[in-house]
Amino acid sequence: DVKVTQSSRYLVKRTGEKVFLECVQDMDHENMFWYRQDPGLGLRLIYFSYDVKMKEKGDIPEGYSVSREKKERFSLILESASTNQTSMYLCASGGVYSYEQYFGPGTRLTVT
Amino acid sequence: AQSVTQLDSQVPVFEEAPVELRCNYSSSVSVYLFWYVQYPNQGLQLLLKYLSGSTLVKGINGFEAEFNKSQTSFHLRKPSVHISDTAEYFCAVSLLLGGSNYKLTFGKGTLLTVNP
């Protein structure tokens, strides 16, 4: 079974803090994705990566950055957390030509 | 640009009743279509997918969906639901960007609530 793990299920941070969300997949997938999920808005793509050290902006990249130093790991960084970044963050991975994605359990981030 | 519209944000049904969750998409190119399910406090799990071939696709837990190209729809159905089907369901479209690169666009979700 594909396994996508996220470093924390719940996280509480203060406004202005730098926040790291980590995602690891064990299926040697080339593609990795970060989404945020908000009630009534569904999932929105923040950033994605097709290869190590490669990144592409998604639909809502403002206020976020990413890092992919190893194939299995994709990190989402909030440089200076703000209250409007309180949300559920979902990581996903997918193989080449499969077109589907496998999701982690999510990190519920609260910024106070 | 592609988009996905889930026509109902909430669908309440009684146990053992049939259910249909509606999804329409817009895209100027060929697409691949998916339904995902999210149980409370969990990530998303793939229910079924349409890549090519038969337009009627069967998935896990007794769900099926039909791809209708002329109506640009991909509705999800189950003939008899259980309490355990209570969850949020997301329709998604995969856009091939070039080579092996792709991304998914999701609908806003439909909350299915099955009542006893």
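Here the structure is shown first, and the text comes after it.
A few points on the structure. Note that this is a predicted model, so its numbers are computed, not measured.

Attention now goes to the overall build of chain A. Summing up its helical and strand segments, chain A has 0 helices and 11 strands in all. In sequence order, chain A lays out its α and β elements as β-β-β-β-β-β-β-β-β-β-β. Against the 2.2 N^0.38 benchmark of 13 Å for 112 residues, chain A shows a C-alpha radius of gyration of 13 Å, consistent with a compact globule. With the C-alpha coordinates aligned to their principal axes, the bounding extent of chain A is approximately 40 × 25 × 25 Å. Taking as baseline every contact in chain A between residues at least 6 positions apart, the subset at least 24 positions apart corresponds to 55%. When the accessible surface of chain A is summed, it comes to about 5,300 Å², and 49% of that surface belongs to carbon and sulfur atoms. Taking the average place of the 15 positive charges on the side chains of chain A and the average place of its 15 negative ones, the gap between the two points comes to 7 Å.

Here we come to the packing of aromatic side chains. One pass over the structure, following the stated rule, counts 13 aromatic pairs over all chains. Where Tyr36 of chain B meets Phe106 of chain B, the ring centres are 5.8 Å apart and the plane angle is 55°; that geometry is what we call tilted. With Tyr36 of chain B in strand E5 (residues 32-38) and Phe106 of chain B in strand E11 (residues 101-106), the pair connects residues that are 70 residues apart, well separated along the chain. Phe106 of chain B shares its class with Tyr36 of chain B; the two are buried. Members of the aromatic cluster, each reached through a chain of ring pairs, are Phe33, Tyr35, Phe48, Tyr50 and Phe103 of chain A together with Phe34, Tyr36 and Phe106 of chain B.

In this fold, Ser73 of chain B is placed in strand E9 (residues 73-78). Those residues in contact with Ser73 of chain B, other than ones at most four positions away along the chain, are Cys23, Asn24, Tyr25, Glu66, Phe67 and Asn68 of chain B.

A few words now on the interface of chain A and chain B. The partner chain B presents 25 residues to the 26 residues of chain A that form the contact. Buried surface at the junction of chain A and chain B, both sides included, amounts to about 2,100 Å², of which 55% is carbon and sulfur. Counting the surface chain A buries against chain B, the share from its top three residues, Tyr50, Tyr99 and Glu100 of chain A, is 32%. At the junction of chain A with chain B, the criterion picks out 2 salt bridges.

In this section: the pattern of salt bridges. All names here are of chain A. Inspection of every chain in the model, using the stated rule, returns 14 salt bridges over all chains. In this structure, Lys71 and Asp28 form a salt bridge, with 3.1 Å as the shortest nitrogen-oxygen distance. Residue Lys71 is found in the loop between strand E7 (65-70) and strand E8 (73-78), and its partner Asp28 is found in the loop between strand E3 (19-25) and strand E4 (31-38); the two are separated by 43 residues along the sequence. One salt-bridge network, in which partners are shared between bridges, spans Asp28, Glu30 and Lys71.

Take the state of the cysteines next. All chains considered together, the criterion is met by 2 disulfides over all chains. With its sulfur 1.9 Å from that of its partner, Cys23 of chain A forms a disulfide with Cys91 of chain A. Here the S-S torsion is close to -80°, and the disulfide linking Cys23 of chain A with Cys91 of chain A is therefore left-handed. With Cys23 of chain A in strand E3 and Cys91 of chain A in strand E9 (residues 87-94), the pair connects residues that are 68 residues apart, well separated along the chain. Cys23 of chain A sits in the buried class, given a relative accessible area of 0%. For Cys23 of chain B, the disulfide goes to Cys91 of chain B, at an S-S distance of 2.0 Å. Since a negative S-S torsion denotes a left-handed disulfide, the Cys23 of chain B-Cys91 of chain B link at about -70° is left-handed.

Moving on: the layout of surface pockets. Space inside the largest pocket adds up to approximately 460 Å³. As for the largest pocket, its lining consists of 23 residues, and the residues nearest its centre are Gln37 and Pro39 of chain A together with Gln38, Glu88 and Phe90 of chain B. Looking at the lining of the largest pocket, the elements that each hand over two or more residues are E4 and E9 of chain A together with strand E10 (87-98) of chain B. Element by element, the count of residues in the lining of the largest pocket is highest for E10 of chain B, at 3 residues.

The rules behind each value
- Residues numbered from 1 in each chain as written.
- Chains lettered and ligands numbered in written order.
- Predicted model: local features only at pLDDT ≥ 70, side-chain atom pairs only at ≥ 80, totals over all residues.
- Heavy atoms only, no water.
- Helix = DSSP H or I, 4+ residues; strand = E, 2+ residues; numbered from the N terminus.
- Rg over C-alpha atoms; globule rule 2.2 N^0.38 Å.
- Contact = heavy atoms within 4.5 Å.
- Areas by Shrake-Rupley, 256 points an atom, 1.4 Å probe, with all protein chains shown as cover.
- Lys, Arg positive; Asp, Glu negative; His and termini not counted.
- Charge placed at Lys NZ, Arg CZ, Asp CG, Glu CD.
- Phe/Tyr/Trp six-rings, centres within 6.5 Å; stacked < 30°, edge-to-face > 60°.
- Buried < 20%, exposed > 50% of the residue type's maximum accessible area, 1.4 Å probe, protein only.
- Buried area = accessible area lost by both parts, 1.4 Å probe.
- Salt bridge = Lys/Arg side-chain N within 4 Å of Asp/Glu carboxyl O.
- Disulfide = S-S within 2.5 Å.
- 1 Å grid on protein atoms, 1.4 Å probe; cavity = no way out; pocket = protein on both sides within 12 Å on 5 of 7 lines; lining within 4 Å.
- Points joined across faces, edges and corners; volume = space filled by probe spheres on them.

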